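Read off the chains here:
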Amino acid sequence: MLDSIRFARAGERLSGSVALGEFGRLAGSLASDEGVAEFRLLGAVEQGRPVLRLEVDVAVTLRCRYCLQPCRRVLNIRQILPIDRDEAGVVGEERDGSR
């Protein structure tokens, strides 16, 4: 379990990769499940609020719905995820078993 507020305030970083075959919902759209999604999760404080910055880089080969031919797409996703203090409280309650 990740303590997102502490992670953000400490400026921590987490990175790794996930094989495309691990994404069950995506599998039906892929022409090939070869390859990996590289991710980075960066904690930060912006304007006094803790946030998580998520970066994902992946190349997928989808099957076109019209011609059914493979279609390669490179995705570079960058997202800032603000942390809601209420959500952080729920995580703490779940860890304590008080929920």
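Our subject is the structure that appears above.
Residues numbered from 1 in each chain as written. Predicted model: local features only at pLDDT ≥ 70, side-chain atom pairs only at ≥ 80, totals over all residues. Heavy atoms only, no water.

Asks: Even after reading the chapter, I still don't get the pairing of strand 3 (residues 36-46), so can you show me in this structure?
Replies: The side chains of a regular strand alternate between both faces of the sheet. Summarising the sheet, strand 1 (residues 13-19) and strand 3 pair through seven bridges and their orientation is antiparallel. The partner of Arg-13 across the bridge, within strand 3, is Leu-42. Across nine bridges, the pairing between strand 3 and strand 4 (residues 49-63) is antiparallel. Across the sheet, the residue bridging to Val-45 is Pro-50, located in strand 4. What sits between strand 3 and strand 4 in their antiparallel hairpin is a turn of two residues, with Gln-47 showing a positive phi close to 55 degrees. (Pairing = 2+ DSSP bridges. Helix = DSSP H or I, 4+ residues; strand = E, 2+ residues; numbered from the N terminus.)

Asks: Explain the side chain of Asp-57 to me, please; I cannot follow it from the model alone.
Replies: Considering the arrangement of structural elements, one finds Asp-57 in strand 4. Of note is the side chain of Asp-57, whose polar atom sits 3.1 Å from the side chain of Arg-78. Contacts of Asp-57, omitting those with residues within four sequence positions, involve Val-36, Ala-37, Glu-38, Arg-40, Leu-75, Asn-76 and Arg-78. (Polar contact = N/O pair within 3.5 Å; in protein donor to acceptor, adjacent residues only side chain to side chain. Contact = heavy atoms within 4.5 Å.)

Asks: How should I be thinking about the pattern of salt bridges in this particular structure?
Replies: When the charged atoms of two side chains with opposite charge come close together, those side chains can pair. For the structure on display, the rule yields five salt bridges. Where Asp-3 meets Arg-6, a salt bridge forms, and the shortest distance between an N and an O atom there is 3.5 Å. For Arg-6, a relative accessible area of 54% gives the class exposed. Measuring nitrogen to oxygen at the nearest pair gives 3.1 Å for the salt bridge that ties Arg-78 to Asp-57. Pair noted here: Arg-78 is in strand 5 (residues 70-82) and Asp-57 is in strand 4, with a separation of 21 residues, a long-range link. When salt bridges with common partners are traced through the structure, they connect Arg-40, Glu-55, Asp-57 and Arg-78 into a single cluster. (Salt bridge = Lys/Arg side-chain N within 4 Å of Asp/Glu carboxyl O. Buried < 20%, exposed > 50% of the residue type's maximum accessible area, 1.4 Å probe, protein only.)

Asks: Honestly, unusual backbone geometry in this entry has me stumped. Any pointers?
Replies: Among all residues save glycine, negative phi is the norm, and among peptide bonds the norm is trans. For Gln-47, which is not a glycine, the phi torsion comes out positive at approximately 55 degrees. Along the polypeptide, Gln-47 turns up in the loop between strand 3 and strand 4. Residues other than glycine seldom take positive phi values, yet Leu-68 does so here, at roughly 65 degrees. A relative accessible area of 51% means that Leu-68 is categorised as exposed.

Asks: Honestly, the side chain of Ser-4 in this entry has me stumped. Any pointers?
Replies: Position of Ser-4 relative to the elements: it lies in helix 1 (residues 4-9). Assessed through its relative accessible area of 18%, Ser-4 is described here as buried. Beyond its immediate stretch of four places on either side in the chain, Ser-4 contacts Leu-52 and Ile-83.

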